[in-house]
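Structure assessment
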2 protein chains.
Amino acid sequence: MRNFMVTMSFRGTNYHGFQRQESDLKTIQGTVEEGIHRLLGEDAQINGCSRTDAGVHANEYVFSVMLESTINERGIIFGLNGVLPKDISITGCKIVRDDFHARYDCRGKEYVYLIHNSEIRSPFYEDTIYRSWYPIDEKKLDVACKDYIGTHDFKSFCSTDTDKNETVRTIFDFDVTRSGDIVRFRVTGDGFLYNMVRIMVGTLLFINDGKLELHSIPGIISACDRTKAGKTVPPHGLYLNKVFY
Amino acid sequence: MRNFMVTMSFRGTNYHGFQRQESDLKTIQGTVEEGIHRLLGEDAQINGCSRTDAGVHANEYVFSVMLESTINERGIIFGLNGVLPKDISITGCKIVRDDFHARYDCRGKEYVYLIHNSEIRSPFYEDTIYRSWYPIDEKKLDVACKDYIGTHDFKSFCSTDTDKNETVRTIFDFDVTRSGDIVRFRVTGDGFLYNMVRIMVGTLLFINDGKLELHSIPGIISACDRTKAGKTVPPHGLYLNKVFY
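The rules we used
Residues numbered from 1 in each chain as written. Chains lettered and ligands numbered in written order. Predicted model: local features only at pLDDT ≥ 70, side-chain atom pairs only at ≥ 80, totals over all residues. Heavy atoms only, no water. Helix = DSSP H or I, 4+ residues; strand = E, 2+ residues; numbered from the N terminus. Buried < 20%, exposed > 50% of the residue type's maximum accessible area, 1.4 Å probe, protein only. Lys, Arg positive; Asp, Glu negative; His and termini not counted. Salt bridge = Lys/Arg side-chain N within 4 Å of Asp/Glu carboxyl O. Polar contact = N/O pair within 3.5 Å; in protein donor to acceptor, adjacent residues only side chain to side chain. Phe/Tyr/Trp six-rings, centres within 6.5 Å; stacked < 30°, edge-to-face > 60°. Contact = heavy atoms within 4.5 Å. Buried area = accessible area lost by both parts, 1.4 Å probe. Nonpolar A, V, L, I, M, F, W, Y, C, P; charged D, E, K, R; others polar. Expected span 1.5 Å × (residues − 1). Least-squares fit on C-alpha atoms with pLDDT ≥ 70 in both. UniProt positions renumbered as here; feature names shortened; annotations may be inferred. Pairing = 2+ DSSP bridges. pLDDT = per-residue confidence, 0-100. Axes fitted to C-alpha atoms, helices over the stretch in contact; angles between N-to-C directions. Parallel < 35°, antiparallel > 145°, perpendicular 65-115°, else oblique.

As for the side chain of R169(A)
All names here are of chain A. Looking at the secondary structure, you find R169 in strand β8 (residues 168-179). Of the side chains with opposite charge, E166 comes closest to the buried, unpaired R169, at an N-O distance of 4.9 Å. Among the polar contacts made by the side chain of R169, one reaches the main-chain carbonyl oxygen of E166 at a distance of 3.3 Å.

Structural notes on the packing of aromatic side chains
How two aromatic rings sit relative to each other is given by the distance of their centres and the angle of their planes. Residues and elements named next belong to chain A. Summed over the entire model, instances satisfying the criterion amount to 20 aromatic pairs over all chains. With a centroid separation of 5.2 Å and 85 degrees between ring planes, the pair formed by Y111 and F192 is classed as edge-to-face. Linking Y111 in strand β5 (residues 108-116) with F192 in the loop between β9 (182-189) and α4 (196-209), this pair joins segments that are 81 residues apart in sequence. Note on accessibility: Y111 and F192 belong to one class, buried. Here the aromatic residues Y148, F154, F157 and F174 are joined through ring pairs into a cluster of three or more.

With respect to the interface of chain A and chain B
Counting from both sides, the interface comprises 27 residues of chain A and, opposite them, 27 residues of chain B. With both chains or domains summed, chain A and chain B bury close to 1900 Å², and 56% of this area falls on carbon and sulfur atoms. Summed over the shared surface of chain A and chain B, the number is 4 salt bridges. Close ionic contact of E126(B) with K86(A) constitutes a salt bridge, the shortest N to O distance being 4.0 Å. Where chain A touches chain B, the interface holds 12 residue pairs in polar contact (both at pLDDT 80 or more). For the side of chain A that touches chain B, the secondary-structure elements that each account for two or more residues are β1 (2-10), β3 (57-67), α2 (73-83) and β4 (88-96) of chain A. By residue class, the composition of the side of chain A that touches chain B is 12 nonpolar, 8 polar and 7 charged.

Thoughts on helix α4 (residues 196-208) of chain B
All names here are of chain B. Look at α4: 18 Å from first C-alpha to last across 13 residues, which is about the 18 Å you get at 1.5 Å a residue. In terms of burial, α4 is a largely internal element, 12 of the 13 residues being buried. The positive-phi residue at the C-terminal boundary of α4 is G210, with phi of around 85 degrees.

Some points on the relation of the copies chain A and chain B
If you rotate chain A by 180 degrees and push it 0.0 Å along the axis, it lands on chain B with an RMSD of 0.0 Å. In symmetry terms, the pair is related by a two-fold rotation axis. Every residue of chain A has its C-alpha some distance from the rotation axis, and the shortest such distance is that of F124(A), at 5.2 Å. Take the interface residues of chain A: 100% of them recur as interface residues in chain B, which is what a same-surface contact looks like.

Considerations on the UniProt feature "binding site: substrate" (unreviewed entry) in chain A
UniProt records the feature "binding site: substrate" (unreviewed entry) at Y111(A), using the numbering of this structure. Not counting chain neighbours up to four residues away, the residues in contact with Y111(A) comprise S50(A), F185(A), R186(A), V187(A), F192(A), V197(A), L238(A), Y239(A), L240(A) and N241(A).

A look at the side chain of T52(B)
All names here are of chain B. Tracing the backbone through its elements, the reader meets T52 in the loop between β2 (47-48) and β3 (57-67). Among the residues examined, T52 registers a relative accessible area of 9% and is labelled buried. Excluding residues within four positions of it along the chain, T52 makes contact with F10, G17, F18 and Y61.

Digging into the pairing of β8(A)
Residue and element names in this part refer to chain A. With 4 bridges joining them, strand β7 (residues 150-153) and β8 adopt antiparallel strand pairing. Bridge pairing in β8 links T151 to T170. Pairing geometry for β8 and β9, over 8 bridges, is antiparallel. By the bridge assignment for β9, D173 is matched with T188. Hairpin remark: β8 followed by β9, antiparallel, with 2 residues in the connecting loop; positive phi at G180, about 65 degrees.

Quick notes on the confidence of the model for chain A
Mean pLDDT over chain A stands at 95; residues scoring 70 or higher make up 98%. This prediction of the complex comes with two scores: 0.92 for pTM and 0.89 for ipTM.

Brief notes about the packing of helix α1 (residues 28-40) of chain A against α2(A)
Residue and element names in this part refer to chain A. Here α1 crosses α2 at 105 degrees, and the two axes come no closer than 9 Å. Considering the angle they form, α1 stands roughly perpendicular to α2. Taking contact as the criterion, the partners of G35, I36, R38 and L39 in α1 are, on α2, G75, G79, L80 and V83. Taken together, the residues of the contact of α1 with α2 sort by class into 4 nonpolar, 3 polar and 1 charged.

A word on α2(A)
All names here are of chain A. All of the buried residues along α2 are I76, I77, G79, L80 and N81. Of the surrounding elements, those touching the buried residues of α2 are β1, α1, β3 and β4. At the N-terminal boundary of α2, the capping side chain belongs to N72, with an oxygen 3.3 Å from the backbone nitrogen of R74.

Let's talk about unusual backbone geometry
Excluding glycine, residues mostly carry a negative phi; peptide bonds, for their part, are mostly trans. If you check the backbone angles, N195(A) has positive phi at about 65 degrees while not being a glycine. Looking at the element boundaries, N195(A) is found in the loop between β9 and α4. Residue N195(A) is classed as buried on the basis of its relative accessible area of 13%. Its identity is not glycine, yet C224(B) carries a phi of approximately 50 degrees, on the positive side. Along the polypeptide, C224(B) turns up in the loop between α5 (217-223) and β10 (238-244). On the basis of relative accessible area, C224(B) is assigned to the partly exposed category, the value being 30%.

Okay, here's the thing in C-alpha coordinates:
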(Lines give C-alpha, C1' and ligand atoms only; values in the text may rest on other atoms or scores of the structure.)
Protein backbone atom coordinates (compact mmCIF):
# COMPACT_ATOMS: atom_id res chain seq x y z
CA MET A 1 0.00 0.00 0.00
CA ARG A 2 1.17 3.51 -0.78
CA ASN A 3 -0.26 6.77 0.54
CA PHE A 4 -1.20 9.42 -2.03
CA MET A 5 -1.78 13.13 -1.42
CA VAL A 6 -4.21 14.30 -4.07
CA THR A 7 -5.33 17.86 -4.90
CA MET A 8 -8.55 18.61 -6.73
CA SER A 9 -10.91 21.45 -7.54
CA PHE A 10 -14.66 21.12 -7.65
CA ARG A 11 -17.81 23.07 -8.37
CA GLY A 12 -19.96 22.28 -5.34
CA THR A 13 -23.33 23.19 -6.84
CA ASN A 14 -24.54 19.65 -7.48
CA TYR A 15 -23.19 18.10 -4.26
CA HIS A 16 -24.35 17.84 -0.68
CA GLY A 17 -20.93 18.84 0.59
CA PHE A 18 -17.73 16.81 0.79
CA GLN A 19 -18.56 14.20 3.36
CA ARG A 20 -20.20 10.91 2.44
CA GLN A 21 -23.69 10.67 3.91
CA GLU A 22 -25.68 7.74 5.23
CA SER A 23 -28.39 8.51 2.66
CA ASP A 24 -28.06 8.38 -1.11
CA LEU A 25 -27.31 12.12 -1.35
CA LYS A 26 -24.54 12.83 -3.84
CA THR A 27 -21.32 14.02 -2.16
CA ILE A 28 -17.81 14.82 -3.34
CA GLN A 29 -16.33 12.04 -1.20
CA GLY A 30 -18.77 9.45 -2.48
CA THR A 31 -18.25 10.48 -6.09
CA VAL A 32 -14.43 10.37 -5.84
CA GLU A 33 -14.49 7.00 -4.04
CA GLU A 34 -16.72 5.60 -6.78
CA GLY A 35 -14.29 6.99 -9.35
CA ILE A 36 -11.39 5.22 -7.63
CA HIS A 37 -13.41 2.01 -7.65
CA ARG A 38 -14.13 2.38 -11.36
CA LEU A 39 -10.51 3.18 -12.19
CA LEU A 40 -8.68 0.72 -9.92
CA GLY A 41 -11.27 -1.70 -8.58
CA GLU A 42 -10.32 -0.72 -5.03
CA ASP A 43 -12.78 0.20 -2.28
CA ALA A 44 -10.61 2.91 -0.79
CA GLN A 45 -11.71 5.53 1.72
CA ILE A 46 -10.39 9.01 1.07
CA ASN A 47 -9.53 11.38 3.92
CA GLY A 48 -10.48 14.96 3.09
CA CYS A 49 -8.79 18.06 4.50
CA SER A 50 -12.12 19.45 5.68
CA ARG A 51 -15.86 19.14 5.47
CA THR A 52 -17.44 21.59 3.08
CA ASP A 53 -21.10 22.56 2.99
CA ALA A 54 -23.51 21.93 0.15
CA GLY A 55 -22.91 24.40 -2.67
CA VAL A 56 -19.43 25.44 -1.49
CA HIS A 57 -16.66 25.21 -4.11
CA ALA A 58 -12.94 24.43 -3.98
CA ASN A 59 -10.11 25.81 -6.07
CA GLU A 60 -7.79 23.58 -4.07
CA TYR A 61 -8.93 20.71 -1.90
CA VAL A 62 -6.59 18.02 -0.60
CA PHE A 63 -7.33 14.43 0.30
CA SER A 64 -5.11 11.48 1.19
CA VAL A 65 -5.78 7.88 0.27
CA MET A 66 -4.01 4.53 0.73
CA LEU A 67 -4.02 2.46 -2.46
CA GLU A 68 -2.83 -1.04 -3.32
CA SER A 69 -2.60 -0.33 -7.05
CA THR A 70 0.79 0.17 -8.71
CA ILE A 71 -0.58 3.16 -10.65
CA ASN A 72 1.71 6.20 -10.78
CA GLU A 73 0.87 9.80 -9.87
CA ARG A 74 0.15 10.91 -13.43
CA GLY A 75 -2.04 7.86 -13.92
CA ILE A 76 -4.15 8.91 -10.94
CA ILE A 77 -4.56 12.47 -12.26
CA PHE A 78 -5.53 11.56 -15.81
CA GLY A 79 -7.23 8.27 -14.97
CA LEU A 80 -9.51 9.78 -12.34
CA ASN A 81 -10.31 12.78 -14.54
CA GLY A 82 -11.39 10.29 -17.18
CA VAL A 83 -14.01 8.71 -14.91
CA LEU A 84 -15.10 11.66 -12.74
CA PRO A 85 -17.87 14.09 -13.72
CA LYS A 86 -16.78 17.41 -15.22
CA ASP A 87 -17.49 19.39 -12.05
CA ILE A 88 -14.65 17.63 -10.19
CA SER A 89 -11.09 17.86 -11.48
CA ILE A 90 -7.99 16.15 -10.08
CA THR A 91 -5.18 18.69 -10.35
CA GLY A 92 -2.21 17.07 -8.64
CA CYS A 93 -0.94 13.92 -6.95
CA LYS A 94 2.15 12.81 -5.06
CA ILE A 95 3.25 9.89 -2.95
CA VAL A 96 3.70 10.79 0.72
CA ARG A 97 4.75 9.07 3.94
CA ASP A 98 2.31 6.45 5.18
CA ASP A 99 1.17 8.41 8.22
CA PHE A 100 0.28 11.59 6.30
CA HIS A 101 -3.38 12.50 6.79
CA ALA A 102 -4.94 15.37 4.81
CA ARG A 103 -6.97 16.62 7.78
CA TYR A 104 -4.76 15.97 10.81
CA ASP A 105 -1.61 17.28 9.16
CA CYS A 106 -3.27 20.43 7.81
CA ARG A 107 -1.63 23.58 9.25
CA GLY A 108 -4.02 26.10 7.80
CA LYS A 109 -6.40 27.03 5.01
CA GLU A 110 -7.25 29.97 2.81
CA TYR A 111 -10.85 30.71 1.88
CA VAL A 112 -12.13 33.20 -0.67
CA TYR A 113 -15.66 34.61 -0.77
CA LEU A 114 -16.81 36.34 -3.98
CA ILE A 115 -19.60 38.90 -4.26
CA HIS A 116 -20.93 40.36 -7.52
CA ASN A 117 -21.71 43.88 -6.33
CA SER A 118 -24.38 44.85 -8.83
CA GLU A 119 -28.06 45.67 -9.15
CA ILE A 120 -28.21 43.42 -12.19
CA ARG A 121 -27.44 39.71 -12.28
CA SER A 122 -24.81 38.23 -14.58
CA PRO A 123 -25.72 35.12 -16.61
CA PHE A 124 -22.22 33.78 -15.89
CA TYR A 125 -22.16 33.95 -12.08
CA GLU A 126 -25.19 31.94 -11.04
CA ASP A 127 -24.19 29.33 -8.43
CA THR A 128 -20.57 30.54 -8.34
CA ILE A 129 -20.65 34.18 -7.13
CA TYR A 130 -23.09 35.62 -4.61
CA ARG A 131 -24.78 38.85 -5.72
CA SER A 132 -25.38 41.79 -3.41
CA TRP A 133 -26.69 45.04 -4.86
CA TYR A 134 -25.93 47.44 -1.99
CA PRO A 135 -22.71 49.32 -2.88
CA ILE A 136 -19.75 47.78 -1.06
CA ASP A 137 -16.97 50.04 0.23
CA GLU A 138 -14.13 47.55 -0.05
CA LYS A 139 -11.57 49.99 1.40
CA LYS A 140 -13.66 50.39 4.54
CA LEU A 141 -14.13 46.63 4.88
CA ASP A 142 -10.42 46.02 4.29
CA VAL A 143 -9.84 48.11 7.42
CA ALA A 144 -12.62 46.49 9.44
CA CYS A 145 -11.60 42.90 8.60
CA LYS A 146 -8.15 43.37 10.15
CA ASP A 147 -9.86 43.12 13.56
CA TYR A 148 -10.35 39.39 12.89
CA ILE A 149 -6.58 38.78 12.76
CA GLY A 150 -5.06 37.05 15.79
CA THR A 151 -5.95 34.26 18.19
CA HIS A 152 -9.49 34.65 19.53
CA ASP A 153 -12.45 32.66 20.75
CA PHE A 154 -14.67 32.80 17.64
CA LYS A 155 -17.79 31.38 19.30
CA SER A 156 -19.78 34.38 18.00
CA PHE A 157 -18.87 33.31 14.47
CA CYS A 158 -20.01 29.71 14.72
CA SER A 159 -23.48 28.43 13.87
CA THR A 160 -25.20 27.54 17.12
CA ASP A 161 -25.97 23.96 16.19
CA THR A 162 -22.32 22.95 16.42
CA ASP A 163 -21.00 20.58 19.07
CA LYS A 164 -17.55 22.15 19.28
CA ASN A 165 -16.54 23.16 22.76
CA GLU A 166 -13.18 24.46 21.62
CA THR A 167 -13.83 27.58 19.58
CA VAL A 168 -10.44 29.30 19.71
CA ARG A 169 -8.86 29.79 16.28
CA THR A 170 -6.02 31.90 14.86
CA ILE A 171 -6.65 34.09 11.84
CA PHE A 172 -3.38 34.83 10.02
CA ASP A 173 -4.59 37.32 7.45
CA PHE A 174 -7.74 38.90 6.00
CA ASP A 175 -8.21 41.32 3.13
CA VAL A 176 -11.02 42.71 0.99
CA THR A 177 -10.32 43.81 -2.58
CA ARG A 178 -12.31 44.76 -5.65
CA SER A 179 -11.80 43.98 -9.33
CA GLY A 180 -14.52 45.72 -11.37
CA ASP A 181 -17.85 44.68 -9.87
CA ILE A 182 -16.44 41.63 -8.07
CA VAL A 183 -15.52 42.05 -4.39
CA ARG A 184 -13.18 39.39 -3.00
CA PHE A 185 -12.85 38.50 0.69
CA ARG A 186 -9.74 36.43 1.44
CA VAL A 187 -8.98 34.90 4.82
CA THR A 188 -6.29 32.52 6.05
CA GLY A 189 -6.25 30.79 9.39
CA ASP A 190 -5.22 27.64 11.25
CA GLY A 191 -8.78 26.36 11.21
CA PHE A 192 -12.37 27.46 10.85
CA LEU A 193 -15.53 26.70 12.81
CA TYR A 194 -18.81 25.66 11.21
CA ASN A 195 -20.00 28.49 8.89
CA MET A 196 -17.28 30.75 10.33
CA VAL A 197 -16.13 32.34 7.05
CA ARG A 198 -19.69 32.94 5.91
CA ILE A 199 -20.58 34.64 9.22
CA MET A 200 -17.36 36.71 9.12
CA VAL A 201 -18.28 37.97 5.64
CA GLY A 202 -21.91 38.55 6.64
CA THR A 203 -20.72 40.62 9.61
CA LEU A 204 -18.53 42.73 7.31
CA LEU A 205 -21.60 43.35 5.12
CA PHE A 206 -23.45 44.60 8.22
CA ILE A 207 -20.55 47.02 8.80
CA ASN A 208 -20.74 48.06 5.14
CA ASP A 209 -24.47 48.73 5.41
CA GLY A 210 -24.07 50.77 8.61
CA LYS A 211 -25.88 48.22 10.78
CA LEU A 212 -22.65 47.78 12.75
CA GLU A 213 -19.83 50.24 13.54
CA LEU A 214 -16.48 50.09 11.72
CA HIS A 215 -14.63 48.58 14.68
CA SER A 216 -17.41 46.47 16.15
CA ILE A 217 -15.68 43.13 15.52
CA PRO A 218 -13.58 43.04 18.76
CA GLY A 219 -16.76 43.56 20.78
CA ILE A 220 -18.60 40.84 18.89
CA ILE A 221 -15.69 38.44 19.47
CA SER A 222 -15.67 39.24 23.21
CA ALA A 223 -19.42 38.66 23.51
CA CYS A 224 -19.11 34.95 22.53
CA ASP A 225 -22.68 35.24 21.28
CA ARG A 226 -23.71 34.28 17.72
CA THR A 227 -26.62 36.74 17.77
CA LYS A 228 -24.20 39.70 17.93
CA ALA A 229 -22.61 38.89 14.55
CA GLY A 230 -24.06 39.40 11.07
CA LYS A 231 -26.03 36.98 8.94
CA THR A 232 -24.56 33.87 7.34
CA VAL A 233 -24.02 34.63 3.65
CA PRO A 234 -25.01 31.89 1.16
CA PRO A 235 -22.65 28.99 0.38
CA HIS A 236 -22.31 29.52 -3.38
CA GLY A 237 -19.86 32.44 -3.10
CA LEU A 238 -17.41 30.46 -0.94
CA TYR A 239 -14.24 28.73 -2.18
CA LEU A 240 -11.68 26.71 -0.30
CA ASN A 241 -8.68 28.28 -2.06
CA LYS A 242 -5.52 26.80 -0.55
CA VAL A 243 -4.54 24.21 2.04
CA PHE A 244 -1.29 24.55 3.96
CA TYR A 245 0.88 21.64 5.23
CA MET B 1 -44.74 53.66 -30.29
CA ARG B 2 -41.27 54.33 -28.94
CA ASN B 3 -38.02 52.73 -30.03
CA PHE B 4 -35.83 51.18 -27.30
CA MET B 5 -32.15 50.29 -27.53
CA VAL B 6 -31.57 47.44 -25.09
CA THR B 7 -28.27 45.85 -24.00
CA MET B 8 -28.08 42.38 -22.54
CA SER B 9 -25.61 39.64 -21.70
CA PHE B 10 -26.29 35.97 -22.13
CA ARG B 11 -24.75 32.56 -21.61
CA GLY B 12 -25.34 30.89 -24.98
CA THR B 13 -24.95 27.28 -23.84
CA ASN B 14 -28.62 26.39 -23.79
CA TYR B 15 -29.62 28.27 -26.97
CA HIS B 16 -29.48 27.58 -30.68
CA GLY B 17 -28.01 31.02 -31.36
CA PHE B 18 -29.68 34.41 -31.36
CA GLN B 19 -32.00 34.19 -34.32
CA ARG B 20 -35.52 32.82 -34.03
CA GLN B 21 -35.89 29.57 -35.97
CA GLU B 22 -38.80 28.07 -37.87
CA SER B 23 -38.63 25.03 -35.62
CA ASP B 24 -39.22 24.91 -31.89
CA LEU B 25 -35.51 25.23 -31.11
CA LYS B 26 -34.87 27.58 -28.20
CA THR B 27 -33.17 30.82 -29.28
CA ILE B 28 -32.22 34.06 -27.55
CA GLN B 29 -34.55 36.09 -29.81
CA GLY B 30 -37.52 33.80 -29.19
CA THR B 31 -36.93 33.77 -25.44
CA VAL B 32 -36.63 37.57 -25.18
CA GLU B 33 -39.72 38.12 -27.36
CA GLU B 34 -41.68 35.72 -25.14
CA GLY B 35 -40.41 37.68 -22.13
CA ILE B 36 -41.68 40.93 -23.65
CA HIS B 37 -45.03 39.29 -24.28
CA ARG B 38 -45.24 38.08 -20.69
CA LEU B 39 -44.21 41.47 -19.28
CA LEU B 40 -46.16 43.83 -21.56
CA GLY B 41 -48.62 41.69 -23.54
CA GLU B 42 -47.09 42.96 -26.80
CA ASP B 43 -46.05 40.74 -29.70
CA ALA B 44 -42.96 42.77 -30.56
CA GLN B 45 -40.16 41.70 -32.84
CA ILE B 46 -36.67 42.55 -31.63
CA ASN B 47 -33.87 43.48 -34.04
CA GLY B 48 -30.55 42.05 -32.91
CA CYS B 49 -27.14 43.54 -33.69
CA SER B 50 -25.91 40.23 -35.13
CA ARG B 51 -26.60 36.55 -35.43
CA THR B 52 -24.65 34.44 -33.02
CA ASP B 53 -24.04 30.72 -33.29
CA ALA B 54 -25.28 28.07 -30.89
CA GLY B 55 -23.16 28.05 -27.74
CA VAL B 56 -21.65 31.52 -28.30
CA HIS B 57 -21.97 33.97 -25.39
CA ALA B 58 -22.37 37.73 -25.13
CA ASN B 59 -21.03 40.12 -22.51
CA GLU B 60 -22.75 42.91 -24.44
CA TYR B 61 -25.39 42.34 -27.09
CA VAL B 62 -27.65 45.11 -28.39
CA PHE B 63 -31.16 44.89 -29.79
CA SER B 64 -33.74 47.51 -30.74
CA VAL B 65 -37.47 47.11 -30.36
CA MET B 66 -40.55 49.29 -30.96
CA LEU B 67 -43.02 49.13 -28.08
CA GLU B 68 -46.47 50.58 -27.50
CA SER B 69 -46.25 50.27 -23.73
CA THR B 70 -45.66 53.37 -21.60
CA ILE B 71 -43.10 51.45 -19.50
CA ASN B 72 -39.90 53.36 -18.70
CA GLU B 73 -36.30 52.25 -19.27
CA ARG B 74 -35.75 51.00 -15.72
CA GLY B 75 -39.04 49.13 -15.93
CA ILE B 76 -37.80 47.27 -18.99
CA ILE B 77 -34.51 46.33 -17.31
CA PHE B 78 -35.97 45.04 -14.06
CA GLY B 79 -39.26 43.84 -15.52
CA LEU B 80 -37.63 41.71 -18.21
CA ASN B 81 -35.03 40.35 -15.79
CA GLY B 82 -37.95 39.24 -13.65
CA VAL B 83 -39.45 37.09 -16.41
CA LEU B 84 -36.35 35.95 -18.33
CA PRO B 85 -34.34 32.83 -17.44
CA LYS B 86 -31.16 33.36 -15.43
CA ASP B 87 -28.84 32.83 -18.41
CA ILE B 88 -30.08 36.05 -20.06
CA SER B 89 -29.69 39.38 -18.28
CA ILE B 90 -30.90 42.79 -19.46
CA THR B 91 -28.16 45.25 -18.51
CA GLY B 92 -29.26 48.56 -20.01
CA CYS B 93 -32.03 50.36 -21.89
CA LYS B 94 -32.56 53.76 -23.45
CA ILE B 95 -35.08 55.43 -25.75
CA VAL B 96 -33.63 56.20 -29.20
CA ARG B 97 -34.82 57.84 -32.43
CA ASP B 98 -37.47 55.84 -34.29
CA ASP B 99 -35.23 54.87 -37.19
CA PHE B 100 -32.44 53.43 -35.02
CA HIS B 101 -31.81 49.77 -35.90
CA ALA B 102 -29.38 47.68 -33.82
CA ARG B 103 -27.94 45.90 -36.86
CA TYR B 104 -27.96 48.50 -39.64
CA ASP B 105 -26.60 51.28 -37.41
CA CYS B 106 -23.83 49.12 -35.93
CA ARG B 107 -20.38 50.57 -36.74
CA GLY B 108 -18.30 47.79 -35.31
CA LYS B 109 -17.99 44.99 -32.78
CA GLU B 110 -15.48 43.56 -30.38
CA TYR B 111 -15.19 39.82 -29.85
CA VAL B 112 -13.21 37.98 -27.20
CA TYR B 113 -12.15 34.34 -27.39
CA LEU B 114 -10.99 32.63 -24.19
CA ILE B 115 -8.76 29.57 -23.97
CA HIS B 116 -7.88 27.69 -20.78
CA ASN B 117 -4.32 26.68 -21.61
CA SER B 118 -3.94 23.64 -19.40
CA GLU B 119 -3.52 19.88 -19.49
CA ILE B 120 -6.16 19.63 -16.79
CA ARG B 121 -9.75 20.77 -17.04
CA SER B 122 -11.28 23.24 -14.61
CA PRO B 123 -14.70 22.43 -13.10
CA PHE B 124 -15.60 26.13 -13.50
CA TYR B 125 -14.93 26.63 -17.22
CA GLU B 126 -17.06 23.97 -18.89
CA ASP B 127 -19.17 25.57 -21.64
CA THR B 128 -17.64 29.02 -21.10
CA ILE B 129 -13.90 28.69 -21.86
CA TYR B 130 -12.35 26.43 -24.51
CA ARG B 131 -9.48 24.29 -23.25
CA SER B 132 -6.33 23.66 -25.23
CA TRP B 133 -3.44 21.83 -23.58
CA TYR B 134 -0.61 22.66 -26.03
CA PRO B 135 1.42 25.54 -24.48
CA ILE B 136 0.41 28.85 -26.07
CA ASP B 137 3.08 31.50 -26.67
CA GLU B 138 0.84 34.54 -26.33
CA LYS B 139 3.68 36.97 -27.12
CA LYS B 140 4.32 35.24 -30.44
CA LEU B 141 0.61 35.23 -31.29
CA ASP B 142 0.26 38.87 -30.29
CA VAL B 143 2.80 39.60 -33.03
CA ALA B 144 1.21 37.28 -35.60
CA CYS B 145 -2.35 38.58 -35.07
CA LYS B 146 -1.35 42.11 -36.07
CA ASP B 147 -1.29 40.86 -39.69
CA TYR B 148 -5.11 40.71 -39.55
CA ILE B 149 -5.38 44.48 -39.01
CA GLY B 150 -6.55 46.53 -41.97
CA THR B 151 -9.06 46.24 -44.81
CA HIS B 152 -8.83 42.86 -46.54
CA ASP B 153 -10.90 40.30 -48.38
CA PHE B 154 -11.39 37.72 -45.62
CA LYS B 155 -12.86 35.00 -47.82
CA SER B 156 -10.24 32.55 -46.45
CA PHE B 157 -11.70 33.13 -42.97
CA CYS B 158 -15.31 32.43 -43.81
CA SER B 159 -17.00 29.04 -43.58
CA THR B 160 -17.62 27.82 -47.11
CA ASP B 161 -21.33 27.35 -46.69
CA THR B 162 -21.95 31.09 -46.54
CA ASP B 163 -23.84 32.95 -49.26
CA LYS B 164 -21.95 36.21 -48.84
CA ASN B 165 -20.39 37.53 -52.02
CA GLU B 166 -18.94 40.58 -50.29
CA THR B 167 -16.20 39.35 -48.05
CA VAL B 168 -14.17 42.53 -47.49
CA ARG B 169 -13.98 43.63 -43.88
CA THR B 170 -11.84 46.02 -41.83
CA ILE B 171 -10.14 44.79 -38.68
CA PHE B 172 -9.35 47.71 -36.36
CA ASP B 173 -7.36 45.95 -33.69
CA PHE B 174 -6.28 42.51 -32.49
CA ASP B 175 -4.33 41.42 -29.43
CA VAL B 176 -3.50 38.26 -27.54
CA THR B 177 -2.83 38.41 -23.80
CA ARG B 178 -2.50 35.98 -20.92
CA SER B 179 -3.74 36.10 -17.34
CA GLY B 180 -2.51 33.00 -15.49
CA ASP B 181 -3.64 30.00 -17.52
CA ILE B 182 -6.29 31.93 -19.48
CA VAL B 183 -5.29 33.23 -22.91
CA ARG B 184 -7.51 36.00 -24.30
CA PHE B 185 -7.86 36.85 -28.00
CA ARG B 186 -9.52 40.24 -28.56
CA VAL B 187 -10.48 41.56 -31.98
CA THR B 188 -12.44 44.62 -33.12
CA GLY B 189 -13.68 45.28 -36.64
CA ASP B 190 -16.46 46.84 -38.68
CA GLY B 191 -18.04 43.46 -39.28
CA PHE B 192 -17.33 39.75 -39.26
CA LEU B 193 -18.13 36.94 -41.70
CA TYR B 194 -19.68 33.64 -40.69
CA ASN B 195 -17.30 31.88 -38.24
CA MET B 196 -14.63 34.50 -39.01
CA VAL B 197 -13.40 35.07 -35.44
CA ARG B 198 -13.29 31.35 -34.72
CA ILE B 199 -11.24 30.69 -37.88
CA MET B 200 -8.91 33.62 -37.10
CA VAL B 201 -8.23 32.15 -33.64
CA GLY B 202 -7.85 28.63 -35.06
CA THR B 203 -5.29 29.94 -37.56
CA LEU B 204 -3.33 31.59 -34.74
CA LEU B 205 -3.31 28.23 -32.92
CA PHE B 206 -1.80 26.64 -36.07
CA ILE B 207 0.91 29.33 -35.96
CA ASN B 208 1.44 28.58 -32.26
CA ASP B 209 1.79 24.85 -32.93
CA GLY B 210 4.27 25.41 -35.77
CA LYS B 211 1.87 24.16 -38.46
CA LEU B 212 2.02 27.63 -40.03
CA GLU B 213 4.79 30.24 -40.12
CA LEU B 214 4.72 33.34 -37.90
CA HIS B 215 3.80 35.70 -40.75
CA SER B 216 1.67 33.36 -42.81
CA ILE B 217 -1.56 35.35 -42.39
CA PRO B 218 -1.02 37.82 -45.29
CA GLY B 219 -0.52 34.87 -47.67
CA ILE B 220 -3.64 33.12 -46.37
CA ILE B 221 -5.66 36.32 -46.84
CA SER B 222 -4.36 36.70 -50.42
CA ALA B 223 -5.26 33.09 -51.27
CA CYS B 224 -9.01 33.69 -50.72
CA ASP B 225 -9.23 29.98 -49.91
CA ARG B 226 -10.75 28.64 -46.70
CA THR B 227 -8.58 25.51 -46.82
CA LYS B 228 -5.41 27.59 -46.30
CA ALA B 229 -6.51 28.85 -42.86
CA GLY B 230 -6.62 26.94 -39.57
CA LYS B 231 -9.47 25.00 -38.04
CA THR B 232 -12.63 26.61 -36.66
CA VAL B 233 -12.31 26.61 -32.87
CA PRO B 234 -15.45 25.62 -30.88
CA PRO B 235 -18.18 28.17 -30.15
CA HIS B 236 -18.14 28.00 -26.35
CA GLY B 237 -15.00 30.15 -25.94
CA LEU B 238 -16.44 33.03 -27.99
CA TYR B 239 -18.01 36.20 -26.55
CA LEU B 240 -19.51 39.18 -28.30
CA ASN B 241 -17.93 41.74 -25.98
CA LYS B 242 -18.90 45.23 -27.21
CA VAL B 243 -21.02 46.77 -29.97
CA PHE B 244 -20.12 50.18 -31.39
CA TYR B 245 -22.61 52.79 -32.70
